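# What the coordinates show
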Amino acid sequence: MNQNKFLYVVIAISLLCVILLSVCEDRYRYVCQNPDKFDLPECQKPRCLFTQTCPEYLVAPILTTKVEPPKVEEKKADDDKK
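Residues numbered from 1 in each chain as written. Predicted model: local features only at pLDDT ≥ 70, side-chain atom pairs only at ≥ 80, totals over all residues. Heavy atoms only, no water.

The full count for this structure, using the stated rule, is 1 salt bridge. As a salt-bridge pair, Glu56 and Lys45 come within 2.9 Å of each other at their nearest N and O atoms. Here Glu56, found in helix H3 (residues 55-58), pairs with Lys45, found in the loop between helix H1 (2-23) and helix H2 (47-51); they are 11 residues apart in sequence, far enough to count as distant. (Salt bridge = Lys/Arg side-chain N within 4 Å of Asp/Glu carboxyl O. Helix = DSSP H or I, 4+ residues; strand = E, 2+ residues; numbered from the N terminus.)

Cysteine pairs can be linked by a disulfide, which is a covalent bond between their two sulfur atoms. Going through the model one piece at a time under the given rule, you end up with 2 disulfides. Put simply, Cys32 and Cys43 are joined by a disulfide, and their sulfur atoms are 2.0 Å apart. Between Cys32 and Cys43, the disulfide has an S-S torsion of -95 degrees and is therefore left-handed. Highlighted residues: Cys32 in the loop between H1 and H2 and Cys43 in the loop between H1 and H2, separated in sequence by 11 residues. Comparing Cys32 with Cys43, the two get one shared label, buried. Covalently, Cys48 is tied to Cys54 through a disulfide, its sulfur atoms 1.8 Å apart. Its torsion about the S-S bond being 85 degrees, the disulfide of Cys48 and Cys54 is classed as right-handed. Exposure class is identical for Cys48 and Cys54. Each is buried. Ordering the disulfide-forming cysteines of the protein chain by sequence position, one finds them joined as 1-2, 3-4. (Disulfide = S-S within 2.5 Å. Buried < 20%, exposed > 50% of the residue type's maximum accessible area, 1.4 Å probe, protein only.)

Quick look at the structure:
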């Protein structure tokens, strides 16, 4: 009896793994993240500016633009204004 129960559990887990792996596919959170759909009208400016879904905003912007930290002098000037 215990061997049958163990066998049923193994089969159920195996089927669940197969189902979960077959459901997985490449998905994008936004349409304009998909490189194949960069040419769509909603991914072109000015339309994408309103929704902030332009491809240049969504596809690794941290790698293309480097944001410099504020300089010490600028920071002091900002603190003086407060």
